[in-house]
Amino acid sequence: MCGIVAYVGLKPCQTLLMEGLKRLEYRGYDSAGIAVIQDGGLHVAKAVGRVANLEDRLESIGNFHGTTGLCHTRWATHGGVTEINAHPHTDDKNGIAVVHNGIIENYAALKTYLEEKGHVFKSQTDTEVLAMLIGELYSPAEGIDLEAAVQAALREVTGAYAIAVICEKEPDTLVVARKGSPLLVGVGNNEFVVASDASAIVAHTAQAFKVDDYNVVKITPKGFRTSTINNVPVTPKIEQLELELQEIELGGYAHFMQKEIFEQPKALRNCFRGRMDVRESKVVLGGLNDHAKELTKARRTVLVAQGTALHAAMIGEYLLEDLAKVPSRAEYASEFRYRNPIIEENTVVVAVSQSGETADTLAALHEAKDRGALALGVINVVGSSISRETDAGVYLRVGPEIGVASTKAFTGQVAVLTLITLFMARRRFMSNEQCSDLMAELDRLPEKIERVLESDAKIRKVTERYIGKENWLFLGRGYNYPTALEGALKLKEISYIHAEGMPAAEMKHGPIALITDGMPAVFIANKGKQYDKVMSNIQEVRARGGHVIAVATEGDNEIRKYAEDVLYIPDIPEPLSPMLAVVPLQLMAYHAAVLRGHDVDKPRNLAKSVTVE
Ligand code: G6P
């Protein structure tokens, strides 16, 4: 949600910190701040809004030249979007500055305790409480240095955190810690870059280690020491970052969302590589091999996710029931977690998440595991919290997704759920032929997506025609009911146009009252089992003055009689069609946002990864 970058080394760090912050801006962007130690004191600058505003502020007050510093880009949880609430937060005694991702759940009790001790708070944030607590415990005279004070403070804290802390009295020291919110330490030569996301590190070093839960790392230019919050030494494993710099750059595109929509053919080729043996009619998923027997015996699957990942999970539900014949349901992870769910024997829970850090999804996974389910992950970010807590899983392999509106991760999630379905189906009821045919179709899918992408200019034109309309409907049936939900979500997220997605049949049970003259209704009307029924639903909209934009199968000329605009996709078996049908909807949302002048990669109020429940 928020982003952290911190540095300790021999070079002035402001430029590096600000560059890193810009790379993390997609994670939170309502305010930003930086703290650097220089000339014996702590220097802080903050600004509301984008990182660029913080740069302007630094320019006007005079740039920092210190070699130990930290910075943060915020997505507000506690306290409104103000400069005072922006991080870093400082204590009132020792020149300590803290940046924090996550939530300190017992902050109110800690705040009362600290107020009784005479501390006066300036902000409404939980993070300021942490800064004050570290300051209160800091006592070098008694041997409690910054590292020990951070350890002691974290022993009092419940909640989730990734933090970085500096103190003007220890100018060459950076202390960082984690519980539940990701944090990486990049290891260079006499310098270290810490960040909540590898994209802020990769330009400086490819060597890094993940900080584990309840671990604290004390870092100086000479080296680092890792321990638990109880001061038990720990040896971290330094690994090579797999991220390539070009993967996180725009490379000629105007926005990351646009780049990622166009990357989908390549992303899916990567996702499928080595996983389908068409001749042997076999899906090869190394991550599931150890659990193949349990999956064959599965009596039920429950797919838990949020947002776009939930829509992918809903398609997974259709796939698993239809093709693998496993009773399945997709659920909001947040609802599943708190409704005392019944987990029968041989239940498989599948957590679907791009980031692997979504707190609601992680909590649902814990609940299901505690109740005896086998836990699978369908995750993009390797080594993320959810991926570490599942029994087995399949990574998406679609590359980093920076755009806040999820696109290639969605098609990747559906692709992986399709592979998992085939993996299970072949061990249950599916014939050789059916499996081989579907795999051959999957193999051709990237090329078919390329064909859809070629109609980008037409999609833009159609979007332009309706750009003044404030209310849209997205309708589909069967496999493409979740696609309709995803189309509506994309439009809402980045263009702020009100859009409702629903099963096409449901419209006549109430929402039809919304239809007025000229209201755009997007139908996913490709060839499939319910094509005729969709046609009837189209007529119902037309009869009330609605304007129909249909996503239809190439060669379907008939539909032109019923729809004002038709966006064609190549023919494909119905179970695989959402991965094609969603592409025009992604492009429509993208163009709508651009045409309305919005910042596509930084939509208002949203965060890329939501690590609070
Ligand atoms: C946030 C993002 C959504 C995303 C959802 C789930 O709300 O804004 O785009 O779909 O989280 O994220 P995940 O990382 O679990 O897929």
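In the block above lies the structure referred to throughout.
Residues numbered from 1 in each chain as written. Predicted model: local features only at pLDDT ≥ 70, side-chain atom pairs only at ≥ 80, totals over all residues. Heavy atoms only, no water.

1. Observations regarding the site of the ligand
By nearness alone, 13 residues border the ligand, and Ser353, Gln354, Ser355, Thr358 and Ala607 come closest of all. Ser355 is positioned with one of its side-chain polar atoms (N or O) 2.6 Å from an oxygen atom of the ligand. Take Ala607: an N or O atom from its main chain is 2.9 Å from an oxygen atom of the ligand. Protein contact buries 90% of the 390 Å² of open area that the ligand shows by itself. When residues in the shell around the ligand are grouped by element, the largest group, 3 residues, is from helix α9 (residues 307-322). The class makeup of the residues in the shell around the ligand is 4 nonpolar, 7 polar and 2 charged. (Near = heavy atom within 4 Å. Polar contact = N/O pair within 3.5 Å; in protein donor to acceptor, adjacent residues only side chain to side chain. Areas by Shrake-Rupley, 256 points an atom, 1.4 Å probe, with all protein chains shown as cover. Helix = DSSP H or I, 4+ residues; strand = E, 2+ residues; numbered from the N terminus. Nonpolar A, V, L, I, M, F, W, Y, C, P; charged D, E, K, R; others polar.)

2. Re the pattern of salt bridges
Two side chains that carry opposite charge are able to pair once their charged atoms sit near each other. Counted by the stated rule, this structure contains 31 salt bridges. Put simply, Glu136 and Lys117 hold a salt bridge, and the shortest N to O gap is 3.8 Å. Residue Glu136 is found in helix α4 (residues 126-137), and its partner Lys117 is found in the loop between α3 (107-116) and α4; the two are separated by 19 residues along the sequence. For Glu493, the salt bridge identified is with Lys490, shortest N-O distance 3.3 Å. In this pair, Glu493 and Lys490 both sit in helix α16 (residues 481-495), 3 residues apart, roughly one turn of the helix. A relative accessible area of 1% places Lys490 in the buried class. The network of salt bridges with shared partners includes Lys93, Lys117 and Glu136. (Salt bridge = Lys/Arg side-chain N within 4 Å of Asp/Glu carboxyl O. Buried < 20%, exposed > 50% of the residue type's maximum accessible area, 1.4 Å probe, protein only.)

3. A short note on the state of the cysteines
Taken as a whole, this structure holds 0 disulfides when the rule is applied. Distance from the sulfur of Cys71, which forms no disulfide, to the nearest cysteine sulfur (Cys13) is 8.4 Å. This cysteine, Cys271, is not joined by any disulfide, and Cys435 carries the nearest cysteine sulfur, 15 Å off. What makes Cys271 buried here is its relative accessible area of 0%. (Disulfide = S-S within 2.5 Å.)

4. Some words on the side chain of Gln354
Positionally, Gln354 belongs in the loop between β19 (347-353) and α11 (359-370). Here Asn380 takes part through its side chain, which lies 3.1 Å from a polar atom of the side chain of Gln354. Aside from chain neighbours lying at most four places away, what touches Gln354 is Ile379, Asn380, Val381, Glu401, Ala409, Gln413 and Lys608. (Contact = heavy atoms within 4.5 Å.)

5. A few points about the sheet that holds strand β20 (residues 374-379)
Judged by pairing direction, the sheet is parallel, and its 5 strands sit side by side in the order β18-β17-β19-β20-β21 without closing on themselves. Two strands close off the open sheet at either side, each with one partner strand: β18 (328-332) and β21 (392-395). Taking the axes of each pair of neighbouring strands and ignoring which way they run, one obtains an average angle of 20° across the sheet. Note that strand β17 (residues 300-305) and β19 share 5 bridges and pair parallel. Bridge pairing in β19 places Val302 opposite Val349. The sheet strands contacting α11 are β17, β19 and β20, and the helix crosses β19 at an angle near 170°. (Pairing = 2+ DSSP bridges. Axes fitted to C-alpha atoms, helices over the stretch in contact; angles between N-to-C directions.)

6. Describing the packing of α4 against helix α5 (residues 146-155)
Packing of α4 against α5 leaves a shortest axis separation of 8 Å and a crossing angle of 125°. The angle between α4 and α5 falls in the class oblique. Relative to α5, α4 is oriented so that their crossing is right-handed. Between α4, through Leu130, Leu133, Ile134 and Leu137, and α5, the contact on the second element is made entirely by Leu146, Ala149, Val150, Ala152, Ala153 and Leu154. For the contact of α4 with α5, the per-class residue count stands at 10 nonpolar, no polar and no charged. (Parallel < 35°, antiparallel > 145°, perpendicular 65-115°, else oblique. Left-handed = near helix turned anticlockwise from the far one by under 90°.)

7. Describing the sheet that holds strand β13 (residues 223-228)
With antiparallel pairing, 6 strands are arranged side by side in an open sheet as β5-β6-β7-β8-β12-β13. The sheet is open, and its two borders are formed by β5 (89-90) and β13, each paired with just one other strand. The pairing of strand β6 (residues 96-104) with strand β7 (residues 159-167) spans 9 bridges and is antiparallel. For Gly102, the partnering residue across the bridge sits in β7 and is Tyr161. Packing against the sheet, α5 makes contact with β6, β7, β8 (174-179), β12 (215-220) and β13, and its axis sits at approximately 160° to β7.

8. A few points about unusual backbone geometry
Put simply, His87 and Pro88 share a cis peptide bond, and its omega is 0°. With respect to the secondary-structure elements, Pro88 resides in the loop between β4 (68-74) and β5. Positioned with a positive phi, Arg397 is a non-glycine residue whose angle comes to about 60°. If you trace the backbone, Arg397 turns up in the loop between β21 and α13 (408-426). The phi torsion at Tyr496 lies on the positive side, around 60°, for a residue other than glycine.

9. Some remarks on the packing of aromatic side chains
The tally for this structure, following the rule as stated, stands at 6 aromatic pairs. Ring centres of Phe209 and Phe224 lie 4.9 Å apart, and the angle between their planes is 35°; this geometry places the pair in the tilted category. Placement of the pair is Phe209 in strand β11 (residues 207-210) and Phe224 in strand β13, with a sequence separation of 15 residues. Between the aromatic rings of Trp472 and Phe474, the centroid separation amounts to 6.3 Å while the plane-to-plane angle is 15°, which identifies the pairing as stacked. With respect to burial, Trp472 and Phe474 carry one shared label: buried. Clustering of aromatic rings is evident, with ring pairs tying together Phe192, Phe209 and Phe224. (Phe/Tyr/Trp six-rings, centres within 6.5 Å; stacked < 30°, edge-to-face > 60°.)

10. As for α13
Here α13 is 19 residues long and its end C-alpha atoms lie 27 Å apart, about the 27 Å a rise of 1.5 Å per residue gives. For α13, a buried count of 18 out of 19 residues is recorded, marking the element as mostly surrounded by other parts of the structure. (Expected span 1.5 Å × (residues − 1).)

11. Points about the environment of Lys293
For Lys293, the position within the fold is in helix α8 (residues 292-296). Along the primary structure Lys293 and Asp571 are separated by 278 residues, whereas in three dimensions their C-alpha atoms are 35 Å apart.

12. Looking at the pairing of β17
For β17, a buried count of 5 out of 6 residues is recorded, marking the element as mostly surrounded by other parts of the structure. Summarising the sheet, β17 and β18 pair through 5 bridges and their orientation is parallel. Residue Leu303 lies in a different strand from β18, and its bridge partner there is Ala330. A crossover connection joins β17 to the parallel β18 through α9; in handedness this β-α-β unit is right-handed. (Right-handed = clockwise from strand over helix to strand, strands pointing away.)

The analysis is restricted to geometry; functional conclusions fall outside its scope.
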